[in-house]
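This is what each chain is made of:
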Amino acid sequence: MVVEQSIAPLLRQVQVQVKGQVKGQIQGQGQSNSLEGISLFLDAGATGTSVGLLKGIPLAPTKHDLCHRHWDYGGNSLDQDIVLQLLYPHWRMVSNPERDQCDLSDLNLPAAGSIAISERAILGQRLRNSAVGLELLAQAKHLKESLTNDPDQERWQAEIHGLPLVVLRRELESLVFQPYIQQINRELNTLLSLSGIFGADITKVYLIGGAWQFPLVLRWLQQKLPNAQVENLAPTAIAEGLAVAPLHPHLLNLARQQYSDYFLLREICHLQLSDAVNPNSLLHQLQLQGINIKACRDRILTILQGDFPRGLFPWQEPEGCLVQNDPSLQSELFSGNLFSPIS
């Protein structure tokens, strides 16, 4: 089974609450109060951030009790923004051109807090290919962790290749974490709007990931959700949610689980079509192979129209420029289609 990262910790909490309710009923305690209210799950991973909402649920929750959103900006992007906004400009000022081994002036650099997958992929490649770039990324992590773990520390300093770097907390807050908080706020507002609830309705907030421990982020959470209790979950909460996912199939898209886009594409290729074929005839052949056409007809047709599974062709992904710029690959690889309509 494949479960979205934003859904996994919610499934874990559903299992915990349902087990608690059953135990309470067995012991004659009645319904558990822990099921009342609305819970918010905030997961800040290395490559993305997720927000999930779990409404007060009965013993058998439904899909309508779960809402979630995810975007591709996480700890790695925060590190890049620390480099771009704080460390790299300082490095350029204190180092002369002969010693500057990390030049980013020719790149289209992402704005702080922006997803910008393509720009960040190129930036990451450039930083990792430079000894100075690797050191800047390492110091960015150290800076982030130091000012997170010590709320009273207002100044951070280090050296890169013998050259001093100094960063103030207020600079980190205003130039890096404030754009991140604005991004989270927009996504959370969208989630609340789609769910039809208000921030004041949320009674519990579960946090996964170190970014939520930064003092400025915690203060924003308390202001945004004044009636919510905040609890930190261990990183294993995601794995625990994946482990119990089969116990809650009614909360997942079973058609997607049974027939992934990659599976459907493989079955089409297994037909080994050598001549033009009518789509209805192709669907009939797939049905003879045991596929439930009613469950995936529309997705099969979109695949035939060129809407292929994400990741099949790396050069069509947001970070595909890394592949397209590879001189060892021929340009013909990037053109053409698997299926062509005939009028």
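Just so we're clear, the structure is a prediction, and the values are computed from it rather than from any experiment.

A. Fine view of the sheet that holds strand 3 (residues 66-71). Strand order in the open sheet made by the five strands is 3-2-1-6-7, with mixed pairing throughout. Bordering the open sheet on either side are strand 3 and strand 7 (229-232), each of which pairs with just one other strand. Neighbour-to-neighbour, the strand axes of this sheet turn through a mean angle of 15 degrees, independent of strand direction. Sheet analysis places strand 6 (residues 202-208) next to strand 7, joined by four bridges and oriented parallel. In the sheet register, Y206 faces strand 7, and the bridge partner there is E231. Strand contacts of helix 5 (residues 169-195): strand 1 (38-44), strand 2 (49-54), strand 3 and strand 6, with the helix running at about 150 degrees to strand 3, the strand carrying the most contacts.

B. Geometry of the nonpolar core. In terms of nonpolar packing, the biggest core is built from 56 residues, with L40, L53, L87, L143, L172, F177 and I202 touching the most fellow members. No other element matches the nine residues that helix 5 contributes to this core. Apart from the residues lying within four places of it in its own chain, the contact partners of F177 are L78, K144, L172, A211, F214, L216 and V217. If you look at the next biggest cluster of nonpolar residues, it comprises 19 residues, including L11, F41, I208 and I238.

Procedures and definitions
- Residues numbered from 1 in each chain as written.
- Predicted model: local features only at pLDDT ≥ 70, side-chain atom pairs only at ≥ 80, totals over all residues.
- Heavy atoms only, no water.
- Pairing = 2+ DSSP bridges.
- Helix = DSSP H or I, 4+ residues; strand = E, 2+ residues; numbered from the N terminus.
- Axes fitted to C-alpha atoms, helices over the stretch in contact; angles between N-to-C directions.
- Contact = heavy atoms within 4.5 Å.
- Core = buried A, V, L, I, M, F, W, Y, C linked by side-chain atoms within 4.5 Å.
- Buried < 20%, exposed > 50% of the residue type's maximum accessible area, 1.4 Å probe, protein only.

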